Amino acid sequence: MLSYLIKRKIKKLLKNTSARRQKRFWDYREVDSIAFLTEQSQLDDLRPLMRNLLDEGLQVFVVVLNTTKNSIDWKYPATAVLELTSRNLLWRKSWPDKEVKTDFMAIPAKILCDLTTKEYLPLLCLAGISMAEMKLGIEKNSWPLYDFSLAPLHSESSSELAENLFFYWRSIDIKDNNS
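Reading the values: rules and limits
- Residues numbered from 1 in each chain as written.
- Predicted model: local features only at pLDDT ≥ 70, side-chain atom pairs only at ≥ 80, totals over all residues.
- Heavy atoms only, no water.
- Axes fitted to C-alpha atoms, helices over the stretch in contact; angles between N-to-C directions.
- Helix = DSSP H or I, 4+ residues; strand = E, 2+ residues; numbered from the N terminus.
- Parallel < 35°, antiparallel > 145°, perpendicular 65-115°, else oblique.
- Left-handed = near helix turned anticlockwise from the far one by under 90°.
- Contact = heavy atoms within 4.5 Å.
- Nonpolar A, V, L, I, M, F, W, Y, C, P; charged D, E, K, R; others polar.
- Salt bridge = Lys/Arg side-chain N within 4 Å of Asp/Glu carboxyl O.
- Buried < 20%, exposed > 50% of the residue type's maximum accessible area, 1.4 Å probe, protein only.

(A) Up close: the packing of helix H3 (residues 98–105) against helix H4 (residues 121–129). Between H3 and H4, whose axes approach to 11 Å, the crossing angle comes to 45°. When the interaxial angle is binned, H3 and H4 end up oblique. In the packing of H3 onto H4, the handedness of the crossing is right-handed. On the side of H3, the interface is formed by Val100, Lys101, Phe104 and Met105, while H4 contributes Cys125, Leu126 and Ile129. For the contact of H3 with H4, the per-class residue count stands at six nonpolar, no polar and one charged.

(B) Representation of the environment of Ala109 in the model. Structurally, the position occupied by Ala109 is in the loop between H3 and strand S6 (111–114). It is 9.5 Å that separates the C-alpha atoms of Ala109 and Met134, two residues lying 25 residues apart in sequence. The contacts of Ala109, once residues within four sequence positions are left out, are Ser33, Ile34, Ala35, Phe61 and Ala132.

(C) Structural detail: the pattern of salt bridges. Under the defined criterion, the tally for this structure stands at five salt bridges. Asp27 is the salt-bridge partner of Arg29, the closest N and O atoms lying 3.4 Å from each other. The class of Asp27 is buried, set by a relative accessible area of 16%. A salt bridge links Lys110 to Asp32; the shortest N-O distance between them is 3.7 Å.

This is the structure in structure tokens:
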């Protein structure tokens, strides 16, 4: 029952945010900052991607849902890391508290990229309230969360999802520039 109520609240937040958000499809080469939503177990797989993006001169912000008791390596290759733990989640660890939402909204990223392969309510809430001009991810519950989305993968790998998202995003750039 609680899950149903939270999903309903996320849909309402998404509707309100969509009306105020300035959507824009960004050319990959024009982007200067990206925020990623991910889970703690996928961080090691995503480390090479984060390093590459930092080497390209992008600001990389990582929002991590940490469901384990293990702490995140603070030397992780990112401009900033926002960690969601049981201490800053409410309603049976299904909703981010006010401080987390405030910190998330302060992230100056133009692009939001959800690299979760499963449905995590706290991260869906953050994706719903995000004012990022462009949102990327895989389809979840047929909600219109993302401006650019892929069908769910058969793989559980966030790095494979990121590889596919970035491949198609870059391909669209090439096609638009050649026409």
